[in-house]
Amino acid sequence: MVRRCWRRLVLAASLSAALLLLGAMTRALLPGMAGSRISNHVSSYSKNRALGSGFLDGKRRSPLQMLYDLDQGPSSALAEVHRERRSHLRRACSRHTHRQRLLQPEDLRHVLVDDAHSLLYCYVPKVACTNWKRVMLALSSPGVQDPQAIPAYEAHAPGRLPSLADFSPKEINRRLRNYLAFLFVREPFERLASAYHNKFAQPYSTAFQRHYGTRIVRRLRPRPHPEALARGHDVRFAEFLAYLLDPRTRREEPFNEHWERAHVLCHPCRLRYDVVGKFETLAEDAAFVLGLVGTPDLRFPTPPTRAKAATTHDQAISLFQDISPFYQRRLFDLYRMDFLLFNYSAPSYLRLY
């Protein structure tokens, strides 16, 4: 007997079609599953190979079907890791979220669509999203085997990858029911430190510094130097954090995507994600997703080395050591949901109590 199918939160059009309401609906049985058990179960994801047979009755199985088969078959260590991440996310959502506003199509702007491979990917900046966009482009470009060959500017070019927000409620629902949905997350404060370093401490981010840096200097720095007011090139980390915690910031406009919370960008308590990848296990988790897609010749670009990851961690420690416990606690409260939903502990270098 086929086990009870997963449940996915899907979108339904309201009477006015102006708002979208998310409700729990049972995902239809995947094609080819009704009436019989799938015999080709998968037990290993080693060496980034395609998982088992990607075909059933002569038809290619979707990534979601591959994951379903895996959940019904003998367990593997990596499959169990991802099962537990899904379970933790469901439990945390149930425990920590109550009333939620209705989602509108624009809320789904970060969910990218690959119709050819039945994939939905919610991108979170500073969590290898450039390389994942490269992979998504490579999947839709026959003959491209090396995603790294795709320039970063092309990967980020508006319109290169369709967004779920571009479709009608009916088409959104169909994709949510039938496509594999995944996202990648990162320890929130290391992601925040990475965003600061990339956008405010590098000379190549001049446009970003003029837009946000000058605003931060004008608002928070007493008697700023005219050059700082004009360029915004020397924003200190403490000023950046004060800007994030200032109530005026979010009243004036939403957070920039580079420091917006992952749960706000991807709505993991409203949309059902089948794979929750982590930056800390990027190589293994990327291989897991690509194995479900069934593309043995397509490899994810080389993740950061352990030495670079350690440098990022040390950078976060260095940046936060000069932040007072009061502001550390306020900042932790601001990003608390990302810590809770994605099972990250409070960093040991914080002085929260």
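Residues numbered from 1 in each chain as written. Predicted model: local features only at pLDDT ≥ 70, side-chain atom pairs only at ≥ 80, totals over all residues. Heavy atoms only, no water.

A. Spatial organisation of the side chain of Q65. Mapping Q65 onto the fold places it in helix α1 (residues 63-72). Polar side-chain contacts of Q65 include one of 2.7 Å to the backbone nitrogen of S62. (Helix = DSSP H or I, 4+ residues; strand = E, 2+ residues; numbered from the N terminus. Polar contact = N/O pair within 3.5 Å; in protein donor to acceptor, adjacent residues only side chain to side chain.)

B. Spatial organisation of helix α14 (residues 325-334). Within the sequence span of α14, burial applies to Q328, L331, F332 and L334. Considered in projection along α14, the buried side chains sweep an arc of 155° and stay on one side of the axis. The secondary structure elements touched by the buried residues of α14 are α6 (188-200), α9 (237-245), α10 (247-252), α13 (306-320) and α15 (336-341). (Buried < 20%, exposed > 50% of the residue type's maximum accessible area, 1.4 Å probe, protein only. Arc of directions from axis to C-beta. Contact = heavy atoms within 4.5 Å.)

C. View of the environment of G291. In this fold, G291 is placed in helix α12 (residues 282-293). For G291, a relative accessible area of 1% gives the class buried. Residues G291 and L67 lie 224 residues apart in sequence; the distance between their C-alpha atoms is 9.8 Å.

D. Here's a closer look at the pattern of salt bridges. Counted according to the given criterion, the structure contains 22 salt bridges. Close ionic contact of R215 with E253 constitutes a salt bridge, the shortest N to O distance being 2.4 Å. Of this pair, R215 sits in helix α7 (residues 206-220) while E253 sits in the loop between α10 and α11 (262-266), placing them 38 residues apart in sequence. Residue R221 pairs with D234 through a salt bridge whose shortest N-O separation is 3.2 Å. (Salt bridge = Lys/Arg side-chain N within 4 Å of Asp/Glu carboxyl O.)

E. View of the sheet that holds strand β7 (residues 180-185). Strand order across the open sheet formed by 4 strands is β5-β6-β7-β8, with mixed pairing between neighbours. Looking along the sheet, the strands with just one partner apiece sit at the ends: β5 (111-114) and β8 (275-278). Strand-to-strand, the axes of this sheet are offset by a mean angle of 25°, without reference to chain direction. Bridge count for strand β6 (residues 119-122) against β7 is 4 bridges, and the pairing is parallel. Its bridge partner being in β7, L120 is matched across the sheet by A181. (Pairing = 2+ DSSP bridges. Axes fitted to C-alpha atoms, helices over the stretch in contact; angles between N-to-C directions.)

F. Broad picture of the pairing of β8. The alternating pattern of β8 places V275 and G277 on one face and V276 and K278 on the opposite face, and all of these are buried. Relative to β8, β7 is paired through 4 bridges, and the arrangement is parallel. Residue pairing for β8: V185 is matched across the bridge by K278.

G. Broad picture of the environment of E257. For E257, the position within the fold is in the loop between α10 and α11. By relative accessible area, E257 is classed as partly exposed at 27%. For E257, the residues in contact, after removing those within four places along its chain, are H110, Y123, P125, R191 and L265. Polar contacts involving the side chain of E257 include one to the side chain of H110, which spans 3.0 Å.

H. Quick look at the packing of α1 against helix α2 (residues 77-96). At their nearest, the axes of α1 and α2 sit 11 Å apart, and the two run at 100° to each other. In terms of orientation, α1 and α2 fall into the roughly perpendicular class. Residues L67, L70 and D71 of α1 form the contact with α2, whose own contacting residues are A79, R83 and R86. Of the residues in the contact of α1 with α2, the class split is 3 nonpolar, no polar and 3 charged. (Parallel < 35°, antiparallel > 145°, perpendicular 65-115°, else oblique. Nonpolar A, V, L, I, M, F, W, Y, C, P; charged D, E, K, R; others polar.)

I. Structural view of α13. Compared with an ideal rise of 1.5 Å per residue, which puts 15 residues at 21 Å, α13 spans 21 Å between its outermost C-alpha atoms and is within 8% of the ideal. The complete set of buried residues in α13 reads T312, A316, L319 and F320. Seen along its axis, α13 keeps its buried residues to an arc of 90°; they face one direction. Residues of α13 that are exposed and angled more than 90 degrees away from the buried face: R306 and A307. Against the buried residues of α13 lie α6, α9 and α14. (Expected span 1.5 Å × (residues − 1).)

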